[in-house]
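# Topology and contacts: notes
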Amino acid sequence: MKIIPFEEEYRKDFIDFNTDWIVSYFGFLEEHDKETFENIDEEMDLGAMIFFAVENHTALATCMARPMEGTTWEICKLGSNKNIPHKGAGSAVFEKSMEWAFDHGAEKLFILSNSKLKPALHIYEKHGFKEIKLENYEYIRGDIAFEYKKE
């Protein structure tokens, strides 16, 4: 398995992996999701990067790091290939996304999630993210948020 930055041939995997888990857990995509999928190039022009765990030219997992405001970056759209066992692929792309954000000026990382996504929550906590409370979780499905402050 290797971790690679965005390549056009894996664009559909990024969209499909994320669409699949969002729809299977929550029933529908929200406007924020659709905007992200429709504006991948614009997001990357603003500094974002999408990483893929790839083996034998097949994407196993994906994750995005994107600037928010100031020195805060969001780690988002962590998704995986439901058809292939991929032990460690999610953690690997997550770590690479964190690294990208810090290498590009992040001082704080932010994650918005849902409390029933146990495998993802485990990855966040394993990497030192701490739960924070928000007044507005932005997404209908969002009910938990995390941050990581660079030391």
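What this report covers is the structure whose coordinates are included nearby. (Residues numbered from 1 in each chain as written. Predicted model: local features only at pLDDT ≥ 70, side-chain atom pairs only at ≥ 80, totals over all residues. Heavy atoms only, no water.)

Another aspect to go through is the overall build of the protein. In terms of helices and strands, the protein carries five helices and seven strands. Reading the helices (α) and strands (β) of the protein from amino to carboxyl end gives β-α-α-α-β-β-β-α-β-α-β-β. For the protein, whose C-alpha radius of gyration is 14 Å, the value lies close to the compact-globule estimate of 15 Å for 151 residues. Taking all 151 residues of the protein together, the buried fraction comes to 49%. Long-range contacts, defined as pairs at least 24 residues apart, comprise 63% of the intrachain contacts of the protein with a sequence gap of at least 6. (Helix = DSSP H or I, 4+ residues; strand = E, 2+ residues; numbered from the N terminus. Rg over C-alpha atoms; globule rule 2.2 N^0.38 Å. Buried < 20%, exposed > 50% of the residue type's maximum accessible area, 1.4 Å probe, protein only. Contact = heavy atoms within 4.5 Å.)

So, about the sheet that holds strand β2 (residues 49-55). The strand order β1-β2-β3-β4-β5-β7-β6 describes an open sheet built from seven strands, whose pairing is mixed. Pairing within the sheet leaves two strands with one partner each, and these edge strands are β1 (2-5) and β6 (130-132). Each adjacent strand pair in this sheet contributes to an overall mean axis angle of 30°, direction not counted. With four bridges connecting them, β1 and β2 associate as antiparallel partners. Bridging from a neighbouring strand, P5 pairs with F51 of β2. Here helix α4 (residues 89-103) sits on the sheet and contacts β1, β2, β3 (58-67), β4 (72-80), β5 (108-113) and β7 (144-149); the angle it forms with β3, its principal contact strand, is near 25°. (Pairing = 2+ DSSP bridges. Axes fitted to C-alpha atoms, helices over the stretch in contact; angles between N-to-C directions.)

Taken across its six residues, β5 has five buried, putting it largely inside the fold. Summarising the sheet, β4 and β5 pair through three bridges and their orientation is parallel. Considered in β5, the bridge of T72 is made with K108. Of the crossover connections in this fold, the one passing from β4 over α4 to the parallel β5 is right-handed. Bridge count between β5 and β7: six bridges; the pairing is antiparallel. Counterpart to K108 in the pairing with β7 is K149. (Right-handed = clockwise from strand over helix to strand, strands pointing away.)

By the element assignment, I144 lies in strand β7. For I144 and H57, which are 87 residues apart along the polypeptide, the C-alpha to C-alpha distance reads 34 Å. Setting aside residues no more than four positions away along its own chain, I144 makes contact with I111, L112, S113, N114, S115, L121, E131 and Y137.

Quick look at the packing of α4 against helix α5 (residues 118-126) now. Their axes nearest at 11 Å, the elements α4 and α5 cross at an angle of 45°. What the angle tells us is that α4 and α5 run oblique. The interaxial crossing formed by α4 with α5 has right-handed handedness. Residues G90, S91 and F94 of α4 lie in contact with α5, whose contacting residues are I123, Y124 and K126. Among the residues making up the contact of α4 with α5, the classes are represented as three nonpolar, two polar and one charged. (Parallel < 35°, antiparallel > 145°, perpendicular 65-115°, else oblique. Left-handed = near helix turned anticlockwise from the far one by under 90°. Nonpolar A, V, L, I, M, F, W, Y, C, P; charged D, E, K, R; others polar.)

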